[in-house]
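# Inside the fold
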Amino acid sequence: MSLENPNAIEVREAVKRYGNFTALKTISLSIKDNEFFTLLGPSGCGKTTLLRMIAGFEDVSEGAIFLYGEEIEGLPPHKRPVNTVFQNYALFPHKTVLDNVAFGLQMRGNSKADSRKKAGEMLELVQLSQFANRKPSQLSGGQQQRVALARALAPQPKVLLLDEPLSALDLKLRKAMQLELKHLQRETGITFIFVTHDQEEALTMSDRIAVMSSGELQQLGDAREIYESPRNMFVADFIGETNLLDVSVDRIESGQAVCHLDGGHALTCPAIEDVTAGLNVHLSVRPERLILTTGPDTDTGMKATVRENIFVGTDITTLVDLADGPQITVRTSNSARGNERIFEPGSPVFVNMEHGAARLLVD
Amino acid sequence: MAGGATSGGNAVTDTYKEARNWLLLPAWVTLSFLVLAPVLLMLVYSFLTKEFRGGVIWEFSLAAYDQFFFDRGLFGDDPAQIEWTYIAIFWRSIWQAGAATLLSLAIGFPTAYFIATRPEKQRVIWVFLITIPYWVNLLIRTVSMRFLLRDEGPLNSFFMATGLVDGPVHMINTNFAVQVGLFYSYLPFMVLPIYAAVERYNFTLSEAAADLYANKWITLRHIVLPAVKPGVIAGCILVFVPSLGSFLAPDLLGGAKNFMIGSLIEEQFKGNAGNWPFGAAASMILLTMVLIILVIYARAQARSDKEAG
Ligand SMILES: Nc1ncnc2c1ncn2[C@@H]1O[C@H](COP(=O)(O)OP(=O)(O)O)[C@@H](O)[C@H]1O
Ligand SMILES: [Mg+2]
């Protein structure tokens, strides 16, 4: 990190306590300039708290937060060059859409006429020009969402904070807004810190993702890293769908751990630090990385019986019972090739794992 | 079968309507006896002829209104001129009530805001504390206020003991004393509606304003106030209207010079010296004035609602 190009936000060992409840436990992370950064985690894990500390609505119990290299603790919210899209939008109900968007511009010292003109341009950008003179209550949820976005972007903040901005929208609108947000971020070059509890949304939109749970940072990385190399049980379980299996390690052989399941099925996967022979650990394997066949494809094919096929549109999810072992989930794409690997319930099958698909997890 | 169900549904609706009418009956009876009847009685009395030892003679007369608005000399045979005495009293009353309302607003708004921003459990206690003095009778409170404001009262003793002033500050029997008395009489009527409005206010809006670079004052003026305006207006009406007709505070704290409408009306019905039709006429004029103020407010409110969409 050079002085000329510091991180947009740096959170350094920040702790947040409410009374004797610790909402955030020593969080450290850096958010780069122009980045689309996502805080992802289940409800109550402290995402909003972290965002509010950056915006200045909550003070930092310990540690510090830097904005482009400058410490911002002590700076009141109205002096921080950071804008927020609130979860419930928080549009001013007695002001028109145009005046809502013009408010921040005016507060930054622009004349009323100038502010309105720029606000009009912002409304054009989010395609709401024809609603400029309406009151927020006369707009649909999706339109209100875009007004909130225009209002927060209008004063050209250095960092835009978005607290679950899409959670109140229906699926189709949400997908459209995801793309729109991504475009807006690229066009404006503003650093976005986006909060969501929806892992799919996080994977689609983000340059980098910070996965949080119970006030702790679990993993930080880009979408692929988070999805394919979850660092622990929590991340593996929270991101996407996965089979988490209890295994015992038999031996480590040239970087590969040879393990077996309860029922005796043998599995091989890349070894990780701290794993030695004789340990009981967990193994995570994504359902789409498993293939069903009638005969063993490889020497690791596991004997199983099909229990149920569930049609989910693009895919078919199959539940199979491993012989003397746990139930696992297999996902097959709904295509001509995929459909050759679908079997009637009760059929004896073999479950095969793609090479390198499984991952060991210690906790 | 379907037909039976439909007619059954109607029967239920009818019964419901009927029940509602019956349930509303007590309210209607109470309202008619306690509001409509007295006002009508007052209206009728204001057009009757006065009896010299109080009471009325049942004979139509405009004398009461004539006396209020016109001066016809000592013997009533000079050419009619505008009578300023009563209009001046009315004007002074409006002024006093207005000043008391502003004072209540200045103290009541921050108080209400303070209470509404306490943690939820504390709010009840604060509201309770605010209302405690009002468990004591208004007369006793006003007399105590008189005692407090006297030249040799505790307030002045305190001022002089601290060396703030050399001699006593004369407060009793002034307009100021009346305003303080009215303010003290009706303060909760200002605090409670504003409190209710601020409590309903969504404070995320204030955060949004701060997020958009507005300081505290601008946020209060442009975001909070418009949102709690109905509560503020309700509070102002609830203080202004009873202040206008009040007679305890002007009588006990204002002395003879600071007469208000309430005292004027009160005198007309007291003892043998009164003039019932005149008192009734003054009451009707007061009532009309209050109604006009309320209508103006309702119009303004309707207009701003329309603007708001
Ligand atoms: N003002 C507060 N006082 C006490 N606890 C709070 C306060 N705000 C949040 N919390 C607690 O902090 C934790 C994190 O909350 P929050 O940041 O809102 O979670 P998220 O946004 O991830 O759902 C929760 O357990 C919540 O109950
Ligand atoms: Mg939240």
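Note: the structure precedes this text.
These lines cover the structure that appears in this document, whether it is placed above or below.

Quick notes on the rules
- Residues numbered from 1 in each chain as written.
- Chains lettered and ligands numbered in written order.
- Predicted model: local features only at pLDDT ≥ 70, side-chain atom pairs only at ≥ 80, totals over all residues.
- Heavy atoms only, no water.
- Core = buried A, V, L, I, M, F, W, Y, C linked by side-chain atoms within 4.5 Å.
- Buried < 20%, exposed > 50% of the residue type's maximum accessible area, 1.4 Å probe, protein only.
- Helix = DSSP H or I, 4+ residues; strand = E, 2+ residues; numbered from the N terminus.
- Contact = heavy atoms within 4.5 Å.
- Buried area = accessible area lost by both parts, 1.4 Å probe.
- Polar contact = N/O pair within 3.5 Å; in protein donor to acceptor, adjacent residues only side chain to side chain.
- Salt bridge = Lys/Arg side-chain N within 4 Å of Asp/Glu carboxyl O.
- Near = heavy atom within 4 Å.
- Areas by Shrake-Rupley, 256 points an atom, 1.4 Å probe, with all protein chains shown as cover.
- Nonpolar A, V, L, I, M, F, W, Y, C, P; charged D, E, K, R; others polar.
- Pairing = 2+ DSSP bridges.
- Axes fitted to C-alpha atoms, helices over the stretch in contact; angles between N-to-C directions.

## Side note on the nonpolar core
Core analysis: the biggest nonpolar cluster contains 69 residues, and Ile9(A), Leu39(A) and Ile193(A) have the highest contact counts within it. Broken down by element, the residue count for this core peaks at 13 residues, all from helix H7 (residues 175–200) of chain B. If we skip the residues at most four places from it in the chain, Leu39(A) touches Leu29(A), Lys47(A), Leu50(A), Leu51(A), Ile193(A), Phe194(A), Val195(A), Thr196(A), Ala210(A) and Met212(A).

## Brief notes about the interface of chain B and chain A
If you look at the interface, chain B gives 18 residues, while chain A gives 27 residues. Summed over both partners, the interface of chain B with chain A comes to about 1,900 Å²; 64% of that surface belongs to carbon and sulfur atoms. Linking chain B to chain A there are six residue pairs in polar contact (both at pLDDT 80 or more). Within the residue set of the side of chain B that touches chain A, elements represented by two or more residues are helix H8 (204–211) and helix H9 (216–245) of chain B.

## Points about the pattern of salt bridges
Residues and elements named next belong to chain A. Under the counting rule described, the total for this entry stands at 22 salt bridges over all chains. Glu164 is the partner of Lys47 in a salt bridge, and the nearest nitrogen-oxygen pair spans 3.8 Å. Here Glu164 lies in the loop between strand E7 (159–163) and helix H5 (171–188) and Lys47 lies in helix H1 (residues 47–55), a separation of 117 residues in the sequence. Overall, Glu164 belongs to the buried group, its relative accessible area being 10%. Arg52 is the partner of Glu58 in a salt bridge, and the nearest nitrogen-oxygen pair spans 3.2 Å. Classification of Glu58 by relative accessible area gives buried; the value is 18%.

## Here's the deal with the site of ligand 1
Residues and elements named next belong to chain A. Taken together, Tyr18, Phe21, Ala23, Pro42, Ser43, Gly44, Cys45, Gly46, Lys47, Thr48 and Thr49 form the complete shell of residues around ligand 1. Between ligand 1 and Gly44 there is a distance of 2.6 Å, counted from an oxygen atom to a backbone nitrogen or oxygen. For ligand 1, an oxygen atom lies 3.2 Å from a polar atom in the backbone of Cys45. Relative to its unbound accessible area of 560 Å², ligand 1 is 59% covered by the protein chains. In terms of residue count, H1 provides more of the shell around ligand 1 than any other element does, three residues in total. Across the shell around ligand 1, the residue classes tally to five nonpolar, five polar and one charged.

## Focus: the pairing of strand E14 (residues 280–285) of chain A
Along a regular strand, successive side chains alternate from one face of the sheet to the other. All names here are of chain A. Pairing analysis gives six bridges linking strand E11 (residues 243–253) to E14, with the strands arranged antiparallel. Looking at E14, one finds that Leu245 is bridged to Leu283. Inspection of the sheet shows E14 paired to strand E20 (residues 359–361) by three bridges, in the antiparallel sense. Following the sheet pairing, His282 is matched in E20 by Leu361.

## Some thoughts on the sheet that holds strand E3 (residues 36–40) of chain A
All names here are of chain A. Strands sit in the order E6-E7-E8-E3-E9-E10 across an open sheet of six strands; the sheet is mixed. Both outer strands of the open sheet, strand E6 (82–85) and strand E10 (216–221), are each paired with one neighbouring strand and no more. Averaged over all pairs of adjacent strands, the angle between strand axes in this sheet comes to 20 degrees, irrespective of strand direction. Note that E7 and strand E8 (residues 191–196) share five bridges and pair parallel.

Function cannot be inferred from these measures alone, as they are strictly geometric.
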